[in-house]
Amino acid sequence: MKELNARIPRELKAHLGRYLALFFMIVMGMYLVVSIAGMAETTIQGSDAYNEECRLQDGQFTVFTPLTDAQILELEDGKCKIESIFSVEINAEKGTLRVFKPRENIDLLKTDEGSAPTTDHDIVIMNLYADRNKLSVGDRISLAGEEFTVSGIGCIPDYNLPVKSFSDMTADPENFGIAIVSKDTYDKLIISGKTGGETFTYAYRLKDGATHRTLKDALKELTIDSKVPGTDSVMKMSNLESFSENKDNPRIASDAASDVILKRLVSLVAGAILVMLFAYVISVFIIHQINEESSVIGTLYSMGVKRSTLTLHYILLPTVITFIAGLIGMLLGFSPIGVDFQMQDSYLYYSIPKMKQVYPLYIILYCIVMPPLISILVNALVIRKKLSRTALSLIKNEQEHLLKRNHGTARSNSRNNKKGRAFLLQFTGRQMSREKRGVFTVVIGMTVALLIFMIGLNCSVLCNNVKTENLADINYEYMYLLKYPTEQVPEGAEPCLVKNLSVNYLDYSLDVNVIGIDQDNPYYPFRTSGNKKDLVIASSTAQKYDLSVGDTFIMDDTAEDIRYAFNVSEIVPYSIGLTAYMDIDSMRELFGESKDYYNMLLSDKSLSIESSHVYSITQRSDVENAAGIFVDQMMSLVIILITVSVLIFIAVMYLMLNVMIDRASFGISLVKIFGYRMNEIRKVYLDGNFYAVMLGACIIIPLVKLAADSIYPFFIANTAMGMNLHFEWYLYVGVFLGILAVYLIISTILTHKIKKIVPAEVLKNRE
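What you see is a predicted model, and the numbers here were worked out from it, not measured in a lab.

## A word on the overall build of the protein
Turning to step 1, where the next piece is worked out: Counting its regular elements, the protein contains 26 helices and 22 strands.
Turning to step 2, where the next piece is worked out: Relative to its full complement of 767 residues, the protein shows a buried share of 55%.
Turning to step 3, where the next piece is worked out: Taken as a whole, the protein presents about 33600 Å² of accessible surface, with 58% of it coming from carbon and sulfur.

## Some details on helix H10 (residues 294-302)
Turning to step 1, where the next piece is worked out: Ser294, Ile297, Gly298, Leu300 and Tyr301 are the residues of H10 that are buried. Here the buried residues of H10 occupy an arc of 160° about the axis, which is enough to place them on one side.

## Focus on the packing of aromatic side chains
Turning to step 1, where the next piece is worked out: Enumeration over the complete set of coordinates arrives at 19 aromatic pairs.
Turning to step 2, where the next piece is worked out: With a centroid separation of 6.1 Å and 45° between ring planes, the pair formed by Tyr524 and Phe526 is classed as tilted. Here the two residues Tyr524 and Phe526 agree in accessibility, since each one is buried.
Turning to step 3, where the next piece is worked out: Aromatic side chains Phe526 and Tyr581 sit 4.8 Å apart centroid to centroid with 65° between the ring planes, which places their arrangement in the edge-to-face category. Here Phe526 is found in the loop between strand S16 (508-517) and strand S17 (534-538), whereas its partner Tyr581 is found in strand S20 (residues 579-583), with 55 residues between them in sequence.
Turning to step 4, where the next piece is worked out: What makes Tyr581 buried here is its relative accessible area of 0%.
Turning to step 5, where the next piece is worked out: Linked through ring pairs, Phe61, Phe86, Phe200, Tyr202, Tyr204 and Phe243 together constitute an aromatic cluster.

## Things to note about the pattern of salt bridges
Turning to step 1, where the next piece is worked out: Applying the stated criterion across every chain, the model contains 15 salt bridges.
Turning to step 2, where the next piece is worked out: Here Asp561 and Lys220 are joined by a salt bridge, their closest N and O atoms 3.1 Å apart. Here the residue Asp561 occupies a position in the loop between strand S18 (552-557) and strand S19 (562-572), and Lys220 occupies one in helix H7 (residues 212-220), the gap between them amounting to 341 residues.
Turning to step 3, where the next piece is worked out: Taking the shortest distance from any N to any O, the salt bridge between Lys532 and Glu589 comes out at 3.3 Å. Placement of the pair is Lys532 in the loop between S16 and S17 and Glu589 in helix H20 (residues 584-590), with a sequence separation of 57 residues.

## Quick word on the nonpolar core
Turning to step 1, where the next piece is worked out: Counting residues in hydrophobic clusters, the biggest one holds 118 residues, and the most contacted among them are Met25, Leu450, Met653 and Ile739.
Turning to step 2, where the next piece is worked out: If we skip the residues at most four places from it in the chain, Ile739 touches Met446, Leu450, Phe649, Val693, Ala697 and Ile701.
Turning to step 3, where the next piece is worked out: Judged by nonpolar contacts, the second largest core, of 48 residues, contains Ile85, Phe100, Ile153 and Phe176.

## Digging into a nonpolar patch on the surface
Turning to step 1, where the next piece is worked out: Taken together, Leu316, Val320, Phe323, Ile324, Leu327, Ile328 and Leu331 make up a surface patch of nonpolar side chains, about 510 Å² in accessible area.
Turning to step 2, where the next piece is worked out: Assignment of secondary structure puts Leu331 in helix H11 (residues 307-334).

## A short note on helix H3 (residues 16-53)
Turning to step 1, where the next piece is worked out: Taking 1.5 Å of rise per residue, the 38 residues of H3 would be expected to cover 56 Å, and the 53 Å separating its terminal C-alpha atoms lies within 8% of that figure.
Turning to step 2, where the next piece is worked out: Across the 38 residues of H3, 28 count as buried, placing the element largely inside the fold.
Turning to step 3, where the next piece is worked out: Arg55, located one to two residues past H3, shows a positive phi value of around 55°.

Cut-offs and rules
Residues numbered from 1 in each chain as written. Predicted model: local features only at pLDDT ≥ 70, side-chain atom pairs only at ≥ 80, totals over all residues. Heavy atoms only, no water. Helix = DSSP H or I, 4+ residues; strand = E, 2+ residues; numbered from the N terminus. Buried < 20%, exposed > 50% of the residue type's maximum accessible area, 1.4 Å probe, protein only. Areas by Shrake-Rupley, 256 points an atom, 1.4 Å probe, with all protein chains shown as cover. Arc of directions from axis to C-beta. Phe/Tyr/Trp six-rings, centres within 6.5 Å; stacked < 30°, edge-to-face > 60°. Salt bridge = Lys/Arg side-chain N within 4 Å of Asp/Glu carboxyl O. Core = buried A, V, L, I, M, F, W, Y, C linked by side-chain atoms within 4.5 Å. Contact = heavy atoms within 4.5 Å. Patch = residues over 30% accessible without salt bridge, like charges linked within 9 Å, V, L, I, M, F, W, Y side chains within 5 Å. Expected span 1.5 Å × (residues − 1).

Okay, here's the thing in structure tokens:
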């Protein structure tokens, strides 16, 4: 065995390019797995620890008027712990800050730098907002005419995804952030009249045995007196404005941890597929090597060397290569260019603290055990079969058959030389038939690489489509969401009625804005049917939930526990968030509102409305800023998916074409003896593969696109946006030309290898 293994360095040197390409391919595959799965585990475990440390709420509810102490005690009564997390919005030097007072028991502040407010002039700023606006501890910031000092930068767990409202498509941390000031300062801001209306939100944590339903039913029984607009009448109404469990709260349910769970699964499955592809490629190498060394193996058999000894010898080198490659791929994945690089997506989009990197045992075993283990299993099966022949058969290496086949080919070559191209085409077909295993591997490798590539390209296309369509679809300059309607509709404003209904899809609950509009609304240039059972839905909503005209669209009012079923009467082009539309009068009737009620105003100019009436204001510039966020958020994932897929494709194609040339070295040397020129030899041994790759690309590109589109909804299931993955024709052409360019480059490299094959190769293979 020792003497046999002395051949390993020579084998490695003789096929260095082959093994380097294989090594590189496995390193890239394991790097992809570790960087994404490691990032997912770091985020999941870090988020769990963060949520536990800061006592994340189990849910929250908003009321129209604050609860009394007696009402809070009655609601708690052994069922839960409730804490007020009231807030106001203030225009800052850049965008808007939602200001809270310090929490005591639930959703506690976690500071990355500095400390919580200790004086009335201290303020803590959310980390994302501070990062986008270049704020540091000690900086000064002006709010409501007062100067504050940034005493700390941090985050709170109920704003992991800092969206302004539940129905927002994405966070815009440059223009919206969270701030915490002292209790006295908060009260002074309320009195100053320089803030928006106060929102009365309460967070709760359930005690053992208590349920969300029990608390919600108790809240519904709390009523307030409400004046009917336009009259002196007063009616009783529920004080409950909204109620959300954590799973229905996009600021929490769409947090960094839930966002990466699917990425972890996809990375592990993709890694397993890549390793199986690697094992198949290795098996092709081993078969070729055994065929080359068949006579040597037969001689060793005749000298008494056992099959198990030979099996171990041929398994050793690829096993060592795959083990070292897996180890290096793992180390790269855990390095700053791996997990840390992937974590930047979370840190740029989610308001979370810096998390300590974890090293899960299953990922380590996945990388350093699975590649060599699969290599051993596959190669043991292949080698066992190839070494099951007799010593004499191996010594002869079926050489008579080989020579007859090749000499027959040569004689056919001579007889058909006059036929020129027809013969070359026939010979090319025979060569491809003999190398069908290698051609199949190239096509499978191209499929796997293209699937990874297409997922990355889909991500980029989706982001750009969202950005382009959002800018085209927004027609208003200002959108006012009101807590209470004004006595009169302000001049130049268009009143609408908006109701947030919930849709559960792929285990994620997202809000759809149902908007009631007049038939002549200038900001939504389409008409509704006037039937309260019909909905006109935006194209983004149709894409998200795979809806067509005539379908039934079911949505839930989670505050009232009512389910609504609507008929989709029309789909209109509109990409901003998830929206649906109906006639405003029909909507008022359906939801029990008065005939003049509205809670949203659209305008092309700023309106003068008392701040206590306003819940939030959205400007056109806010939508424009948010439209570009996805590109920044997903850029690192796009880069790594596209880069790794291209490198894997190059490696697979180089490896298999190289093996094909090695296997055909006898035939190449033979046709050189018969005087064939280099361009003719290239046509026989390389151009056939070109046609296979070209045909395979034409078939695989649209199939892979369909596959990527079908799995993509799972990637953005927790995002309130459409899914326009439409490719322009030139992208398909670009991918196709890219594949051909890679082939031609590798083919050019291998042409030099063909030139080095000499006619003496025939003499080496004679019996």
